[in-house]
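Each chain is listed here by its residues.
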Amino acid sequence: MSDEVLARIEASPGRRLLGVGCMGLLAFMLFWVAFSTPPSLGWQAFLLALGAASAWLALRMYQATALSLELTETTLRDSSGQILAEIDQIAAMDRGFFAFKPSNGFLLKTRSAAPRAWRPGLWWRLGNRIGVGGMTPGSQSKAMAEIIAVKLALR
């Protein structure tokens, strides 16, 4: 019973294409400027480093948004099996307009800190805060947030 998926969040294909495409295009443009009209050596190295970072981020975003988030009776995890939070460790949830949360998402505050982790476009974790959302449809995020809110209220 505890392994049954109550809610699932998957990256929207359109947002995924747009986000990864923009990061890839940025990397391409930075490399293009660095090689087509090379500035001084320092600036060229800066453009190449920024282009490499953009290409790396596009790859990480592509890999991360291939995953989905699953809410079960006991855990919030991604489809690779990495546990974001145990339900009984969630202290609060913030969906407010001014909350420091991803787009179309929500912020969880846990009772104990966990190692930092980041899946660009899907979720991030800093200490005892977990941001869920980004390239996810608002309807799926809202449904998951509602289920978590009910679980917190019943506790």
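These numbers were taken from a predicted model, which means no experiment stands behind them.

Draft legend 1. Looking closely at the packing of aromatic side chains. The tally for this structure, following the rule as stated, stands at 2 aromatic pairs. Both rings, one in F28 and one in W32, keep their centres 6.0 Å apart while their planes meet at 35°; by these two values the pair is tilted. Taken together, the positions of F28 and W32, both in helix 1 (residues 13-36) and 4 residues apart, correspond to about one turn of that helix. The interplanar angle of 85° and the centroid separation of 5.7 Å between the aromatic rings of W43 and F46 together place this pair among those described as edge-to-face. In this pair, W43 and F46 are both assigned in helix 2 (residues 41-64), 3 residues apart and thus about one turn of the helix distant. W43 sits in the exposed class, given a relative accessible area of 56%. Above the plane of the ring of Y62 lies R16, whose end atom (NZ or CZ) is 4.6 Å from the centre.

Draft legend 2. Spatial organisation of the side chain of S68. Summarising the element assignment, S68 is placed in strand 2 (residues 68-71). Once residues within four sequence positions are removed from consideration, S68 is found in contact with R8, I9, E10, R77, D78, S79 and L122.

Draft legend 3. Layout of the pattern of salt bridges. Overall, the coordinates contain 5 salt bridges when judged by the stated rule. Two residues, K151 and E73, come together in a salt bridge whose shortest N-O distance is 2.8 Å. Taken as a pair, K151 in helix 3 (residues 138-154) and E73 in the loop between strand 2 and strand 3 (75-78) lie far apart in primary sequence, 78 residues in all. With relative accessibility at 32%, the residue E73 sits in the partly exposed group. R95 serves as the salt-bridge partner of E146, at 2.6 Å between the closest nitrogen and oxygen. Here the residue E146 occupies a position in helix 3, and R95 occupies one in the loop between strand 5 (90-94) and strand 6 (106-119), the gap between them amounting to 51 residues. Residue class for R95 comes out partly exposed when judged on its relative accessible area of 38%. Each member of the salt-bridge network shares a partner with another, and the members are D3, R8, E70 and R77.

Draft legend 4. Examining a nonpolar patch on the surface more closely. A cluster of nonpolar side chains, L25, F28, M29, W32 and V33, forms an exposed patch at the surface whose accessible area comes to about 530 Å². You can see V33 is positioned in helix 1. The class of V33 is partly exposed, set by a relative accessible area of 38%.

Draft legend 5. Representation of the pairing of strand 4 (residues 83-86). With 3 bridges joining them, strand 3 and strand 4 adopt antiparallel strand pairing. Bridge pairing in strand 4 places T75 opposite E86. Between strand 3 and strand 4, which pair antiparallel in sequence order, lie 4 residues; one of them, G81, sits at a positive phi of approximately 105°.

Draft legend 6. Here's a closer look at the packing of helix 1 against helix 2. Where helix 1 contacts helix 2, the axes come no closer than 8 Å and their chain directions differ by 160°. The pairing of helix 1 with helix 2 is recorded here as roughly antiparallel in orientation. Considering only the axes of helix 1 and helix 2, their crossing is left-handed. Together, R16, G19, V20, M23, G24, L26, A27, L30, F31, V33, A34 and F35 of helix 1 and Q44, L47, L48, L50, G51, A52, S54, A55, L57, A58, M61 and Y62 of helix 2 make up the contact between the two elements. Residue composition of the contact of helix 1 with helix 2, by class: 18 nonpolar, 5 polar and 1 charged.

Draft legend 7. Geometry of the sheet that holds strand 7 (residues 123-132). The antiparallel open sheet is built from 3 strands, whose spatial order is 5-6-7. Strand pairing shows two members of the sheet lacking a second neighbour, strand 5 and strand 7, which therefore form its edges. Ignoring which end each strand starts from, the neighbouring axes of this sheet average 75° apart. Bridge count for strand 6 against strand 7 is 8 bridges, and the pairing is antiparallel. Bridging from a neighbouring strand, L108 pairs with I130 of strand 7.

About the criteria used
- Residues numbered from 1 in each chain as written.
- Predicted model: local features only at pLDDT ≥ 70, side-chain atom pairs only at ≥ 80, totals over all residues.
- Heavy atoms only, no water.
- Phe/Tyr/Trp six-rings, centres within 6.5 Å; stacked < 30°, edge-to-face > 60°.
- Helix = DSSP H or I, 4+ residues; strand = E, 2+ residues; numbered from the N terminus.
- Buried < 20%, exposed > 50% of the residue type's maximum accessible area, 1.4 Å probe, protein only.
- Lys NZ or Arg CZ within 6 Å of the ring centre and 35° of its normal.
- Contact = heavy atoms within 4.5 Å.
- Salt bridge = Lys/Arg side-chain N within 4 Å of Asp/Glu carboxyl O.
- Patch = residues over 30% accessible without salt bridge, like charges linked within 9 Å, V, L, I, M, F, W, Y side chains within 5 Å.
- Areas by Shrake-Rupley, 256 points an atom, 1.4 Å probe, with all protein chains shown as cover.
- Pairing = 2+ DSSP bridges.
- Axes fitted to C-alpha atoms, helices over the stretch in contact; angles between N-to-C directions.
- Parallel < 35°, antiparallel > 145°, perpendicular 65-115°, else oblique.
- Left-handed = near helix turned anticlockwise from the far one by under 90°.
- Nonpolar A, V, L, I, M, F, W, Y, C, P; charged D, E, K, R; others polar.

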